[in-house]
Amino acid sequence: MAFARMDGAPVSSIRIAANKAWTAARERKPTKDIGDKVRHPEKGHDIAYYGDARFVGWGGGLPICKDGEVVGAIGVSGLSADEDTALAALGVELIARQQENKS
């Protein structure tokens, strides 16, 4: 487990980033996918449907997989949802590369 906060990042982004990682790991999918689902005009439902107050549907949470299994997640917060997602994807890629180099 690791946590980093850039200088000047909003304090509120700490909890949001942790919740994004929690959501991505628990549901084994990007948080943006969950947000898109709950906002769907015909099939959407309240985020409370998931039964956990930590659930979020903003982009920026991605699961980390190894050998087809979710082994963790990354949550990024403080920028736009697209920028948070791009940074989370970079983190997932760097972790995957690090694992490849260990093999």
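We now turn to the structure provided with this report. (Residues numbered from 1 in each chain as written. Predicted model: local features only at pLDDT ≥ 70, side-chain atom pairs only at ≥ 80, totals over all residues. Heavy atoms only, no water.)

### What to know about helix 3 (residues 81-102)
What counts here: Helix numbers and strand numbers start at the N terminus; a helix is a DSSP run of H or I with at least 4 residues, a strand a run of E with at least 2. Any helix carries an expected span of 1.5 Å times its number of residues minus one. Only protein chains enter the accessibility calculation, which uses a 1.4 Å probe; a residue whose area is less than 20% of its type maximum is buried, one above 50% is exposed, and one in between is partly exposed. In this description, the arc belongs to the directions extending from the helix axis to the C-beta atoms.
The terminal C-alpha atoms of helix 3, which comprises 22 residues, lie 32 Å apart, in line with the 32 Å expected from a rise of 1.5 Å per residue. Buried within helix 3 are the following residues: Asp84, Ala88 and Gly91. Looking straight down helix 3, one finds its buried side chains confined to an arc of 55°; they lie on one side. Turned more than 90 degrees away from the buried face of helix 3, the exposed residues are Asp82, Glu100 and Asn101.

### A short note on the packing of aromatic side chains
Condition: Think of it this way: a Phe, Tyr or Trp ring, Trp meaning its six-membered ring, pairs with another when their centres are within 6.5 Å, and the plane angle makes it stacked under 30 degrees, edge-to-face over 60, tilted otherwise. To sit over a ring, a charge needs its Lys NZ or Arg CZ within 6 Å of the ring centre and within 35 degrees of the ring normal.
This model, assessed by the stated rule, comprises zero aromatic pairs. One residue, Arg54, lies across the ring of Trp22, its end atom 3.7 Å from the ring centre.

### A word on unusual backbone geometry
Phi is positive for Arg28, close to 60°, though the residue is something other than glycine. Within the fold, Arg28 resides in the loop between helix 1 (12-27) and helix 2 (31-39). On the accessibility criterion, Arg28 (59% relative accessible area) is exposed.

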